[in-house]
Amino acid sequence: MKKQLWSATSLIVLLSLAAVGCGSNQANESAESADSNGASATKAIKAKFYFDFPGLSKYVTDVNPILQQTDNVTLESVPFTDTTSYQTAVRVGFTTQEAPDLFKWWNGFKLKEIADSGNLADMTEQWKEMVTDGVVPSLADPLTVNGKVYGIPAAAHYWTVFYNKKVFADNGLQVPKTWDDLMMICDTLKAKGVTPFGTSIKDSWQGFIWFEDLLVHSNPDFYDKLVLGQAKYTDPEVVDVMKLWKSMYDKGYFSKPLVMDKEVAPAFAKGQIGMYLVGTWFESFLTGAGMKPDADFGSFVLPAIKPEAGNVVISEITPILVSQNAKNRDDAIKAAVALTKKDASAKMLETFGGLPTRTDVVASDPVIKSLSDTIAQGNFKVLTRYWEATPSELSEYGSSEFIRFMLKPEAYMEVLNNIQAKADKYWADHK
Amino acid sequence: MGYLKKNGEALLYVLPAALLITVFFISSVLYTFVISFTDWNGLTTAHWVGLKNYLEVFSDVTYVTSLKNTFIWVVISLIFPVGLGLLLSILLQKLKGQRFFKNIFYMPYAISLTVVGVVWIFLFSDSGINYILIQIGLDSWTKSWLLTPTYNTIAMIIASVWQGAGTNMLLFLVGLGSLPKDPFEAAAIDGASRFRMFWSITLPLLNPITIVVLGLSFVNSFKIFDIIWVMTQGGPYRSSETLAVTMYRESFMLFHFGQGAAISILLTILSIGASWFYLRKTIVGEG
Amino acid sequence: MNRMITGITYTFVVVLAILWIFPIFLVLMNSTKSLVDFTNGTIWSWPKSFHFFQNVKDALVVGGILKYLKNSFSYGVIGAFASIFIAAIAAYGLVFLRLKGSFYWFLLIYSGTIFPFQMYLVPLFKGYQIFGIYDSFVGMCLFYTAICIPFCVFLLRNFMTTISREYVEAAQMDGFTTFDIFLKIIVPFIKPPVSVLFLFQFTFIWNDLVFGLILTRSESIRPIMTGLAAMQGIYFSTGVTTLMSAIVITSIPTILLFIFLQKNFIKGMQVTVKA
């Protein structure tokens, strides 16, 4: 078994060496950015890539030939099937000799936590060359902790509302410009027997979706304070949001809970629900249900609820990080950089969907394309998702309490009191 | 030294098992015990926090739900899977085609919980039982079974009864097969009714096996985890959590390894305490 | 009267049996559908085409189930046999070899079943890495052997107490060595409970998911249930029907095992339970 693996590897190495030797002439090679092809001629790099997103297995298979070409890098998948065992293996792995070379993670507090513990390789240096090479410079921000940049951006997603174009057309509806427009759309759909919005509660994180969006479109600055413990869940700003959310339940704007990965897309495709607020990565579920982007569905950012909130959108950045204690950290960093190059990055976009992480890669998807154009032109304020913006203890607990609300909207004060009690305790312990 | 000399040979036979258990599990338990007094989160160095983790369990409301659910599971697991197992064994005892039915009732046990979870999630989804309810005109009975507190626990208990009743049935069948004949013949001569015979002869004679079955259900229901994790992960809003699920969530979702360790130590104490009676009966009693 | 009771009993048992088999039947039925067939219908509708072998092929190729099957089969056989052997000699030592404090030794071994298994995850993960057996075939076999031992010792010890000491003493007179006595006298006696144990332990190992996820990382080592769980995660790309057929394949070995070992199983349980 091992022997086979070895001979296979050496064959690959030989082949790629041959390819470099024959394929590229000297001039071409020196024209490339300093390290890439030069490194490939010298040393084969293997890196173990840990992830909990099943789609990445196929990505690794697809991207390896590209990586072998450009940087003589071969990724080895270490797939996990559930997030809990995945996080355990990664976290506990840091302190052993089995620290993962590369691993998929989250941004925000989840990133900060492991960066603060000193388990991440600093990639600030590499970012300079990555930006020169074409990586979107602003993506460094979400990956920066205390002035150091960690890892590479694998995917970038916005949180927006998908809407069924046929349902909208049949009822003479337009994409809403204002909150009142949206309420009007909901009333119209409701009158026609279409449930305006689908909702999901199976996994606890699904609880934060509406809370977060209603809050940032009412009062984005307050949201920033709330997630950092500088404001309270029992403050009038939050209470107002909960009342608004409850009124939407009272008016029947939300569907009964639908399982996100199984039931939502079919219900959406059949026009039983008109809209669904979710990350842009959900698009693959819609196309999976047989819908065509742009022709069958589109997407818009939730309009401001209070005019002073301005244009705001929630974003979610998925980084791939390198462990400080990885056996071959330098190689792992090189492998990570290799992943940001044009062809590899384009493949990643195919896998993850969402926005391109390079300036020279274009979103082929028309829905995403028009969303990102709107966001770029509208001078949107981009905020981090609740799940990552606030410490895990609170995002976890808060989300599951919001689900209590979703099942029993009249309990909103109880929910807020519960979360605030947890928050008081957390922030007192983490001064 | 004297002990070694006298028992050397016997020890040679017992040690492999004892060593493996010690190295793999006893040491893990000791490790957990130590961790339970710290705030270890898997990333930073652990600090000693004394009894804080234990006190937390009694002060936090979420743990109360978890305790309550554990209690529900324990009680219901003692009634339904055991009762149904007993009923089936009695019905099948003298039935033609016993073997065929036995296979059917046992089959779910051979299937993994992961699979059982997948199957029952489907059944409790809208395309499952709800679809049938709508077809037969009982629209108002439809529910989001796994998302509605109390119904979700019931749904999961149904799944676990489906999986577990067969084993109990087998154990009872074996017990019934080895009962002496004389008391029944004597009772028949006296003209006792079937029910009377069952109540005053079968049940008492079946006692030893009933204790084994009850004991196994008891210990296992305290630890109930897999089926909940697969079907609801303890949600929504932690409403279907049991202690084992809470422990798992604290440890592996929030990385409060210390807190999780404290819960598992408490869970262990609870289950040992509660099963002491059973252990004494089955092990100490004959040992 | 008696006939009526039999009639009622049959009706009741048959109805229950149908209920019991129904979920399994649903899985089987849906595993034979093509994906199109499945998406257009419901899980209740009768298949329009017979697509089972295609689905199985997809599960084996796309899901890569085959190597996981091989892994788990090895773990199941090795783990079950090793644990039964180690438990059998331990039980022999506890029961026949006049070990002082044998009851406490027994409690030590049996304690392995009392703790919630999730408690072992982190310590074992760390320990495995320290000793370099993380993600190794040996490591997995060792773990599965260890975790199966307590129950095996429990059952075998119970069973051995029913074997008359006279056999052992007679053999000792005849000058048999201690190990010979185990092999020639005890082993023939314990065959029935051994098949019960094999069934239980193989099934347990085959169905393990959590430890397989935590203690391994590469495809060549991971057990079957991790593979199945992975398929569940990507089922929207491989299709529900493929998942269903994978469920069928992965459940066959343990079901077959039960049907074949059933006769021994009942016999074994009878003697064991009597003790």
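Everything numeric here is computed off the predicted structure, so don't read it as measured data. (Residues numbered from 1 in each chain as written. Chains lettered and ligands numbered in written order. Predicted model: local features only at pLDDT ≥ 70, side-chain atom pairs only at ≥ 80, totals over all residues. Heavy atoms only, no water.)

1. Points about the domain arrangement of chain A
All names here are of chain A.
Right, so step 1: One can read the domain layout of chain A as domain 1 (2–157 + 317–372) and domain 2 (158–314 + 379–429).
Right, so step 2: Tallying the contact residues gives 16 residues for domain 1 and 25 residues for domain 2.
Right, so step 3: Summed over both partners, the interface of domain 1 with domain 2 buries about 1,500 Å², with 66% contributed by carbon and sulfur atoms.
Right, so step 4: On the domain 1 side of the interface with domain 2, the three residues burying the most area are Phe109, His157 and Leu371, jointly 42% of the side's total.
Right, so step 5: Counting across the domain 1 and domain 2 interface gives 0 salt bridges.
Right, so step 6: The tally of links between domain 1 and domain 2 comes to 3 residue pairs in polar contact (both at pLDDT 80 or more).
Right, so step 7: Of all the secondary-structure elements, those providing two or more residues to the side of domain 1 that touches domain 2 are helix 6 (109–116), strand 6 (152–164) and helix 17 (366–377).
Right, so step 8: By residue number, the principal contributor to the side of domain 1 that touches domain 2 is helix 17, which donates 4 residues.
Right, so step 9: Across the side of domain 1 that touches domain 2, the residue classes break down as 9 nonpolar, 4 polar and 3 charged. (Domains from an automatic or database assignment. Contact = heavy atoms within 4.5 Å. Buried area = accessible area lost by both parts, 1.4 Å probe. Salt bridge = Lys/Arg side-chain N within 4 Å of Asp/Glu carboxyl O. Polar contact = N/O pair within 3.5 Å; in protein donor to acceptor, adjacent residues only side chain to side chain. Helix = DSSP H or I, 4+ residues; strand = E, 2+ residues; numbered from the N terminus. Nonpolar A, V, L, I, M, F, W, Y, C, P; charged D, E, K, R; others polar.)

2. What to know about the pairing of strand 6 of chain A
A regular strand places its side chains so that they alternate between the two faces of the sheet.
Residues and elements named next belong to chain A.
Right, so step 1: Within strand 6, 13 of the 13 residues are buried, which leaves the element mostly enclosed by the surrounding structure.
Right, so step 2: In this sheet, strand 11 (residues 312–322) lies alongside strand 6 in antiparallel orientation, the contact comprising 7 bridges. Looking at the pairing, Ala155 lines up with Thr318 of strand 11.
Right, so step 3: Two elements, strand 6 and strand 9 (residues 273–279), share 5 bridges in a ladder whose sense is antiparallel. Each residue of the ladder has a partner; that of Trp159, found in strand 9, is Gly279.
Right, so step 4: Summarising the sheet, strand 6 and strand 10 (residues 297–300) pair through 4 bridges and their orientation is antiparallel. Across the sheet, Asn164 pairs through a bridge with Phe297, a residue of strand 10. (Buried < 20%, exposed > 50% of the residue type's maximum accessible area, 1.4 Å probe, protein only. Pairing = 2+ DSSP bridges.)

3. Quick notes on the UniProt feature "transmembrane region" (unreviewed entry) in chain B
Residue and element names in this part refer to chain B.
Right, so step 1: Under the feature "transmembrane region" (unreviewed entry), the UniProt entry names residues 12–34, 71–92, 104–123, 154–176, 197–219 and 257–279.
Right, so step 2: The span residues 12–34 is 100% helix and 0% strand, and its two end C-alpha atoms sit 31 Å from each other.
Right, so step 3: Note that residues 197–219 is 100% helix and 0% strand, and that its end C-alpha atoms are spaced 31 Å apart. (UniProt positions renumbered as here; feature names shortened; annotations may be inferred.)

4. A short note on the interface of chain C and chain B
Right, so step 1: Residue-level contacts link 89 residues of chain C with 85 residues of chain B.
Right, so step 2: Summed over both partners, the interface of chain C with chain B buries about 7,900 Å², with 79% contributed by carbon and sulfur atoms.
Right, so step 3: For the interface between chain C and chain B, the tally reads 0 salt bridges.
Right, so step 4: Run the count over chain C and chain B and you get 5 residue pairs in polar contact (both at pLDDT 80 or more).
Right, so step 5: Broken down by element, the side of chain C that touches chain B gets its largest block of residues, 17 residues, from helix 14 (residues 240–274) of chain C.

5. Observations regarding the interface of chain B and chain A
Right, so step 1: If you look at the interface, chain B gives 27 residues, while chain A gives 30 residues.
Right, so step 2: Between chain B and chain A, roughly 2,500 Å² of surface is buried when both sides are summed, and carbon and sulfur atoms account for 58% of that area.
Right, so step 3: Contact with chain A buries surface across chain B, with Leu43, Leu147 and Tyr237 of chain B losing the most and accounting together for 30% of the total.
Right, so step 4: In this structure, the connection of chain B to chain A is made through 2 salt bridges.
Right, so step 5: Glu396 of chain A is the salt-bridge partner of Arg249 of chain B, the closest N and O atoms lying 3.0 Å from each other.
Right, so step 6: Our enumeration of links across chain B and chain A arrives at 4 residue pairs in polar contact (both at pLDDT 80 or more).
Right, so step 7: Going through the elements one at a time, helix 2 (52–59), helix 10 (226–231) and helix 11 (243–252) of chain B are the ones with two or more residues in the side of chain B that touches chain A.
Right, so step 8: Of the residues forming the side of chain B that touches chain A, the biggest block, 3 residues, is contributed by helix 11 of chain B.
Right, so step 9: Classifying every residue of the side of chain B that touches chain A gives 13 nonpolar, 8 polar and 6 charged.

6. Description of a nonpolar patch on the surface
All names here are of chain C.
Right, so step 1: On the surface, Val14, Ile18, Phe22, Phe25 and Trp46 cluster together into a nonpolar patch covering about 490 Å² of accessible area.
Right, so step 2: Structurally, the position occupied by Trp46 is in the loop between helix 2 (35–40) and helix 3 (52–61).
Right, so step 3: Residue Trp46 is classed as exposed on the basis of its relative accessible area, which comes to 62%. (Patch = residues over 30% accessible without salt bridge, like charges linked within 9 Å, V, L, I, M, F, W, Y side chains within 5 Å. Areas by Shrake-Rupley, 256 points an atom, 1.4 Å probe, with all protein chains shown as cover.)

7. What about the pattern of salt bridges?
Right, so step 1: Overall, the coordinates contain 29 salt bridges over all chains when judged by the stated rule.
Right, so step 2: One salt bridge in this structure joins Glu241 of chain B and Arg249 of chain B, with 2.6 Å as the shortest N-O distance. Arg249 of chain B shares its class with Glu241 of chain B; the two are buried.
Right, so step 3: Connected via shared salt-bridge partners are Glu396 of chain A together with Arg238, Glu241, Arg249 and Glu250 of chain B.

8. Some remarks on helix 7 (residues 124–133) of chain A
Residue and element names in this part refer to chain A.
Right, so step 1: The complete set of buried residues in helix 7 reads Gln126, Trp127 and Met130. Taken down its axis, helix 7 places every buried residue within 105° of arc, on the same side. Summarising the geometry of helix 7, the exposed residues directed more than 90 degrees from the buried face are Glu125, Lys128 and Thr132.
Right, so step 2: Tucked into the core, helix 7 has its buried residues touching strand 5 (148–149), strand 6 and helix 15 (329–339).
Right, so step 3: In the segment just after helix 7, Gly134 is the residue with positive phi, at about 125°. (Arc of directions from axis to C-beta.)

9. Comments concerning the side chain of Ser251 of chain C
Right, so step 1: With respect to the secondary-structure elements, Ser251 of chain C resides in helix 14.
Right, so step 2: Every residue in contact with Ser251 of chain C, bar those within four places of it in the chain, is listed here: Ile111 and Val115 of chain B.

10. Notes on unusual backbone geometry
Right, so step 1: At Asn72 of chain A, a residue that is not glycine, the phi angle is positive and equals roughly 55°.
Right, so step 2: Position of Asn72 of chain A relative to the elements: it lies in the loop between helix 4 (55–71) and strand 2 (73–79).
Right, so step 3: Here Phe255 of chain B, not a glycine, exhibits a phi torsion of approximately 60°, which is positive.
Right, so step 4: By relative accessible area, which is 2% here, Phe255 of chain B ends up buried.

11. Digging into the packing of aromatic side chains
Right, so step 1: With the rule as written, the count across this model stands at 84 aromatic pairs over all chains.
Right, so step 2: Relative to Trp229 of chain B, the ring of Phe225 of chain B has its centre 5.8 Å away and its plane inclined at 15°; by these criteria the two rings are stacked.
Right, so step 3: Where Phe198 of chain C meets Phe202 of chain C, the ring centres are 5.9 Å apart and the plane angle is 25°; that geometry is what we call stacked. Taken as a pair, Phe198 of chain C and Phe202 of chain C lie in helix 10 (residues 191–207) at a separation of 4 residues, close to a single helical turn. In terms of burial, Phe198 of chain C and Phe202 of chain C fall into one category: buried.
Right, so step 4: One cation-aromatic arrangement involves Lys223 of chain B over Phe117 of chain C; the distance from NZ or CZ to the ring centre is 4.9 Å.
Right, so step 5: Here Arg222 of chain C stacks its cationic end above the ring of Phe80 of chain A, 4.7 Å away from the centre of that ring. (Phe/Tyr/Trp six-rings, centres within 6.5 Å; stacked < 30°, edge-to-face > 60°. Lys NZ or Arg CZ within 6 Å of the ring centre and 35° of its normal.)

12. Thoughts on the nonpolar core
Right, so step 1: Core analysis: the biggest nonpolar cluster contains 192 residues, and Phe103 of chain A, Phe105 of chain B together with Phe143 of chain C have the highest contact counts within it.
Right, so step 2: The greatest single-element share of this core, amounting to 16 residues, is contributed by helix 4 (residues 65–96) of chain C.
Right, so step 3: Discounting residues that sit within four places of it in the chain, Phe103 of chain A has contacts with Phe49, Tyr50, Tyr86, Val90, Phe94, Ile114, Leu120, Pro319, Ile320, Leu321, Val322 and Ser323 of chain A.
Right, so step 4: Core analysis: the next-biggest nonpolar cluster, separate from the first, contains 81 residues, Leu182, Val264, Phe268 and Val367 of chain A among them. (Core = buried A, V, L, I, M, F, W, Y, C linked by side-chain atoms within 4.5 Å.)

13. Quick word on helix 7 (residues 137–160) of chain C
Residues and elements named next belong to chain C.
Right, so step 1: Relative to the 34 Å expected for 24 residues at 1.5 Å per residue, helix 7 spans 32 Å between its end C-alpha atoms, a close match to the ideal helical length.
Right, so step 2: At Ile149, helix 7 shows its maximal kink, close to 40°; a proline, Pro150, follows between one and four residues later.
Right, so step 3: For helix 7, a buried count of 20 out of 24 residues is recorded, marking the element as mostly surrounded by other parts of the structure. (Expected span 1.5 Å × (residues − 1). Bend = angle between axes of the 7 residues up to and from the residue.)

14. A look at the packing of helix 1 (residues 2–35) of chain B against helix 5 (residues 102–110) of chain C
Right, so step 1: Two elements in contact, helix 1 of chain B and helix 5 of chain C, have axes whose closest approach is 9 Å; the angle formed by their N-to-C orientations is 15°. Judged by the angle between their axes, helix 1 of chain B and helix 5 of chain C are roughly parallel. Once helix 1 of chain B is placed against helix 5 of chain C, the crossing between them reads as left-handed. In this structure, helix 1 of chain B uses Tyr3, Leu11, Val14, Leu15, Ala17, Ala18, Ile21, Thr22 and Ile26 of chain B to contact helix 5 of chain C, whose residues at the interface are Trp105, Leu108 and Ile109 of chain C.
Right, so step 2: Here the residues of the contact of helix 1 of chain B with helix 5 of chain C are counted per class, giving 11 nonpolar, 1 polar and no charged. (Axes fitted to C-alpha atoms, helices over the stretch in contact; angles between N-to-C directions. Parallel < 35°, antiparallel > 145°, perpendicular 65-115°, else oblique. Left-handed = near helix turned anticlockwise from the far one by under 90°.)

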